[in-house]
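# Analysis of the macromolecular model
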Number of protein chains: 2
Amino acid sequence: MNFLEQKIAAEGKVLSESVLKVDSFLNHQVDPQLMQKIGEEFAKLFSDAGITKIVTLESSGIAPAVMTGLRLNVPVVFARKRKSLTLVDGLYSAEVHSFTKRETNEISVSKDYLTSDDVVLILDDFLANGQAVLGLMDIVNQAGAKLVGVGIVIEKGFQQGGQLLREKGIRVESLAIIDSLTNGEVTFKREATHV
Amino acid sequence: MNFLEQKIAAEGKVLSESVLKVDSFLNHQVDPQLMQKIGEEFAKLFSDAGITKIVTLESSGIAPAVMTGLRLNVPVVFARKRKSLTLVDGLYSAEVHSFTKRETNEISVSKDYLTSDDVVLILDDFLANGQAVLGLMDIVNQAGAKLVGVGIVIEKGFQQGGQLLREKGIRVESLAIIDSLTNGEVTFKREATHV
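Rules and cut-offs
- Residues numbered from 1 in each chain as written.
- Chains lettered and ligands numbered in written order.
- Predicted model: local features only at pLDDT ≥ 70, side-chain atom pairs only at ≥ 80, totals over all residues.
- Heavy atoms only, no water.
- Helix = DSSP H or I, 4+ residues; strand = E, 2+ residues; numbered from the N terminus.
- Rg over C-alpha atoms; globule rule 2.2 N^0.38 Å.
- Buried < 20%, exposed > 50% of the residue type's maximum accessible area, 1.4 Å probe, protein only.
- Contact = heavy atoms within 4.5 Å.
- Phe/Tyr/Trp six-rings, centres within 6.5 Å; stacked < 30°, edge-to-face > 60°.
- Lys NZ or Arg CZ within 6 Å of the ring centre and 35° of its normal.
- Salt bridge = Lys/Arg side-chain N within 4 Å of Asp/Glu carboxyl O.
- Buried area = accessible area lost by both parts, 1.4 Å probe.
- Polar contact = N/O pair within 3.5 Å; in protein donor to acceptor, adjacent residues only side chain to side chain.
- Nonpolar A, V, L, I, M, F, W, Y, C, P; charged D, E, K, R; others polar.
- Pairing = 2+ DSSP bridges.
- Expected span 1.5 Å × (residues − 1).
- Core = buried A, V, L, I, M, F, W, Y, C linked by side-chain atoms within 4.5 Å.
- Least-squares fit on C-alpha atoms with pLDDT ≥ 70 in both.

What follows deals with the overall build of chain A. Within chain A, the regular secondary structure consists of 5 helices and 11 strands. For 195 residues, the compact-globule formula gives about 16 Å, and the C-alpha radius of gyration of chain A, at 16 Å, lands near that figure. Taken along the three principal axes of its C-alpha coordinates, chain A extends 50 × 35 × 35 Å. A burial count over chain A gives 56% of its 195 residues as buried. Taking the intrachain contacts of chain A between residues at least 6 apart in sequence as the baseline, contacts between residues at least 24 apart amount to 60%.

Okay, the packing of aromatic side chains next. Considering all chains together, one arrives at 0 aromatic pairs over all chains under this definition. In this structure, R171(A) is placed above the aromatic ring of F46(A), and the distance from its NZ or CZ to the ring centre is 4.3 Å.

Residues and elements named next belong to chain B. In this structure, V88 sits in the loop between strand 5 (76–82) and strand 6 (91–98). Residue V88 is classed as partly exposed on the basis of its relative accessible area of 37%. Sequence spacing of V88 and S108 is 20 residues, and the spatial spacing of their C-alpha atoms is 9.5 Å.

Another aspect to go through is helix 3 (residues 62–72) of chain B. Residue and element names in this part refer to chain B. Burial of helix 3 is extensive: 9 of the 11 residues sit out of reach of the surface. Of all the residues in helix 3, the buried ones are I62, A63, P64, A65, V66, M67, T68, G69 and L70. Backbone geometry just after helix 3 places N73 at a positive phi near 60 degrees.

With that settled, the discussion passes to the pattern of salt bridges. One pass over the structure, following the stated rule, counts 22 salt bridges over all chains. When the shortest N-O distance is used, the salt bridge between D112(A) and K13(B) registers 3.6 Å. Linking D112(A) in the loop between strand 7 (103–110) and strand 8 (119–127) with K13(B) in strand 1 (residues 13–14), this pair reaches from one chain into another. A salt bridge links R80(B) to E58(B); the shortest N-O distance between them is 3.1 Å. One end of the pair, R80(B), is in strand 5; the other, E58(B), is in the loop between strand 4 (53–57) and helix 3, and 22 residues separate them in sequence. Residue classification places R80(B) among the partly exposed positions, given a relative accessible area of 28%. One network of salt bridges, with partners in common, ties together K7(A), E11(A) and D31(A).

Attention now goes to the interface of chain A and chain B. Listed per partner, the contact involves 34 residues of chain A and 34 residues of chain B. Buried area between chain A and chain B, both sides added, is near 2800 Å², and the carbon and sulfur share of it is 59%. The tally of links between chain A and chain B comes to 2 salt bridges. Along the contact surface separating chain A from chain B lie 21 residue pairs in polar contact (both at pLDDT 80 or more). Considering each element in turn, the side of chain A that touches chain B owes the most residues, 6 residues, to helix 3 (residues 62–72) of chain A. Within the side of chain A that touches chain B, the residues separate by chemical class into 16 nonpolar, 12 polar and 6 charged. The sheet contact formed by strand 3 (residues 29–30) of chain A and strand 5 of chain B spans 2 bridges and is antiparallel. Counted as the bridge partner of Q29(A) is V77(B) from strand 5 of chain B.

What follows covers helix 2 (residues 32–45) of chain A. All names here are of chain A. Counted at 1.5 Å a residue, the expected span for helix 2 with its 14 residues is 20 Å, and the 20 Å between its end C-alpha atoms agrees. Of all the positions in helix 2, only P32, L34, M35, I38, G39, E41, F42, A43 and L45 are classed as buried. If you check the start of helix 2, you find a side-chain oxygen 3.0 Å away from the backbone N of Q33, and it comes from D31.

Judged by nonpolar contacts, the single largest core of 76 residues is most densely connected at L4(A), I38(A), I54(A), I154(A), L4(B), I38(B) and I154(B). Among the elements that take part in this core, helix 3 of chain A stands out by supplying 7 residues, more than any other. If near-sequence neighbours (up to four positions away) are discounted, I154(A) is found in contact with I8(A), L20(A), V22(A), L26(A), D125(A), F126(A), L127(A), A176(A) and I178(A).

If you rotate chain A by 180 degrees and push it 0.0 Å along the axis, it lands on chain B with an RMSD of 0.0 Å. Both copies of the chain, as the preceding transformation shows, are related through a two-fold rotation axis. Proximity to the rotation axis, assessed at the C-alpha, singles out S59(A) in chain A; its C-alpha lies 2.7 Å from the axis. Most of the interface of chain A is mirrored in chain B, where 100% of its interface residues are also at the interface.

Function-wise, these values are silent; they only describe arrangement.
Written as structure tokens, this is what we have:
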């Protein structure tokens, strides 16, 4: 197991066959040393991609994204979530449906901070159905920026997001891929051990 | 001017006599190198306070808090904002009114991540009326934890929050204190130049 899989095995709470809670180091309490290691791994994986900007989504994407940006020496933009669908000038917007929360949010990024000159790495904490990443990709497309890949801290390999993105030809790098959460236990997919 | 005041002077947008927008490096786009410097400053200021935990509020507090936590080698907890006032077991909650957004949010922290053993530094991006910090202090009190101080990236010195907290005997360290935003210009208070 890599450092992240070890942390998940030690502290992750399996709430159901599809829900893993990692509130102790990623989604509520944040472990800064772990975030630094995560940032170093993403920076290594995408070091030669010519990235000019990292795009993530508030709130749990911010810590790993900022640590990656620190290492790659590029700015981070976090898309904002809003309930209301008010069209505001100067924003790129996309709709993101959350199956877990059963709600649709509008996410948006200011046109000031994403342009056609940007080479973008999308980063997020979890990849499940891929809806958040697809929303962020929509925004990157609207800006005319170039997407070089997607970095994910924890991918739920038993849900469709990863396959969906990889079938589109997107480079997806997940630091931990969960194969199953059956019987209250976390099983990892062997392929995510390059870390 | 210190490094942060220089950044504010160069990139901050004065939208009115009370509103300063720093979306290019703190509230939407994030400058990871600047966040690292901010983290180093807070860590220096509070190095001998015996801090065991940093408490902040999603989303803009996360980046400076995680960088400070990295330097102090302590975990960060970000309080979550929710619209609904549903009482949930296992949470410390407080109400925070935003004068800017004219809405009241409930903020909450899991009882799992804040206990009476904790020595807490509260960190936030902005200090204006002090409502967010008072809400976080309420949560720290509920947990029976010890508060050693409040670190603020940008304090609006012309609003009441800073005075209110200092009159309560709270140690407030602001890396930049804005004296006024009159005539579209940012004027800093001279005392915040210890950085």
